[in-house]
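One-letter residues, chain by chain:
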Amino acid sequence: MSMTATAGRGHSDPHHIGLVIEHPGPAPKRTVTAYGFWVFLLSDIVMFSCFFAAHAVLADQTAGGPKGSEIFEQRNVAIETVCLLLSSFTCGMASIAADVRNRFWFYLGMTVTCVLGMIFLAIEFREFADLVARGYGPSRSAFLTSFFSLVGCHGLHVSAGVLWLLTMMAQVFAKGFRADVLRRMMCFALFWHALDIVWVGVFSVVYLLGSGA
Amino acid sequence: MSDHMQVRADHDIAPGDEEQHNVGQRILGYVVGLGLALLLTATSFFIAGTDLVWQPSIPVALIVLAIAQMGVHLVFFLHITTGPDNTNNVLALAFGLLVVFLVVGGSVWIMGHLNQNMLPMDQIMQMHR
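Residues numbered from 1 in each chain as written. Chains lettered and ligands numbered in written order. Predicted model: local features only at pLDDT ≥ 70, side-chain atom pairs only at ≥ 80, totals over all residues. Heavy atoms only, no water.

Let's talk about the layout of surface pockets
Point 1. Space inside the largest pocket adds up to approximately 1,300 Å³.
Point 2. Forming the walls of the largest pocket are 46 residues, and the residues nearest its centre are A:Phe52, A:Gly201, A:Val205, B:Ile63 and B:Val104.
Point 3. Put simply, the parts of the chain that give the lining of the largest pocket at least two residues each are α2 (29-58) and α7 (179-212) of chain A together with α3 (57-77) and α4 (87-117) of chain B.
Point 4. Among the residues forming the lining of the largest pocket, the class breakdown is 35 nonpolar, nine polar and two charged. (1 Å grid on protein atoms, 1.4 Å probe; cavity = no way out; pocket = protein on both sides within 12 Å on 5 of 7 lines; lining within 4 Å. Points joined across faces, edges and corners; volume = space filled by probe spheres on them. Helix = DSSP H or I, 4+ residues; strand = E, 2+ residues; numbered from the N terminus. Nonpolar A, V, L, I, M, F, W, Y, C, P; charged D, E, K, R; others polar.)

Some details on the nonpolar core
Point 1. Residues A:Trp38, A:Phe106, A:Met110, A:Phe147 and A:Tyr207 are the most contacted members of the largest nonpolar core, which totals 79 residues.
Point 2. When residues of this core are traced back to their parent elements, those giving at least two are α2, α4 (74-99), α5 (103-133), α6 (142-175) and α7 of chain A together with α2 (23-49), α3 and α4 of chain B.
Point 3. A per-element tally of this core places α7(A) first, with 21 residues. (Core = buried A, V, L, I, M, F, W, Y, C linked by side-chain atoms within 4.5 Å. Buried < 20%, exposed > 50% of the residue type's maximum accessible area, 1.4 Å probe, protein only.)

Considerations on the interface of chain B and chain A
Point 1. In this complex, chain B contributes 45 residues to the contact, which on the side of chain A involves 42 residues.
Point 2. Overall, the association of chain B and chain A removes approximately 3,800 Å² of surface from exposure, summing both partners, and the carbon and sulfur fraction of that is 81%.
Point 3. Across the contact surface, chain B and chain A share two salt bridges.
Point 4. Across the pair A:Asp99 and B:Arg26 runs a salt bridge whose closest N-O atoms are separated by 3.0 Å. (Contact = heavy atoms within 4.5 Å. Buried area = accessible area lost by both parts, 1.4 Å probe. Salt bridge = Lys/Arg side-chain N within 4 Å of Asp/Glu carboxyl O.)

This is the structure we're talking about:
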């Protein structure tokens with residue numbers, strides 16, 4: 001009420017003595033949604049840090065079982081890392097395409113992201129199946145328990161991310177680039193990039209540090 | 001002061017959003033980020049397998065490289081910057097990092113001391129006999 005009154009008599013108040021700074025009001029919904037999701041992602045990272053802490057503490061407790069240097073294959077880890085990194089890039093391309101409402105580049109970027117994510121999952125699943133087949137399952141030693149839970153937890157996140165990715169493609173297909181769909185797309189991009197950040201910690205601490213020790 | 005308030009008012013941006021909306025510049029940002037991340041990743045894998053450097057320095061180098069790469073991802077992919085429009089996002093990140101360091105650092109520190117102060121396992125077994 002007072003704001004409109006102030007604006008109305010602006011011409012009779014040359015020194016702006018009665019000027020009321022217009023209150024900006026609540027932030028746009030896009031900002032609020034993404035900020036809430038950002039806080040969720042940080043709490044997710046805190047949860048991962050607990051798994052990292054457990055792994056750091058238990059990495060030497062092999063109970064006579066294999067050490068990290070005996071079971072890790074660096075070539076596979078390198079391929080997984082490159083897959084996830086490239087998928088982060090293509091996910092960025094897809095979110096730019098969504099912002100400029102270009103369907104072709106959006107579908108292309110999301111498809112490539114999906115394929116790279118599935119290659120990552122396939123390699124990881126094969127590694128796990130191979131370890132279990134050799135008798136080095138999660139129940140073999142505390143080291144393997146922490147390894148399977150940390151890497152497996154990241155793998156589950158990637159699986160959920162792939163499902164979410166397909167959902168986003170379907171939503172854009174069915175509903176187009178509506179504001180709510182774009183907000184979900186932004187949250188998905190945040191999620192996918194955050195998973196890549198967690199993977200940087202995994203391959204550095206678990207695989208590279210683990211095979212050196 | 002009021003000018004400052006006016007500028008900031010409608011400029012808080014969402015995490016992941018960028019200030020400029022030129023498509024070419026945005027793509028360039030991702031390309032630069034991808035290049036830096038690939039470089040750091042390659043360095044990590046090279047350092048881990050090489051015997052060219054002083055061996056005890058390798059774990060430290062790997063951790064430093066990992067933190068650097070996380071920084072690259074944050075800046076170029078998640079667009080977390082030091083700009084005034086990003087204060088909320090950076091503060092949330094700072095609190096998250098505080099908890100992460102407390103959890104990881106505290107666990108490693110305490111468990112390391114417990115391991116050092118514990119009797120060797122065979123002596124514990126003898127005491128129980």
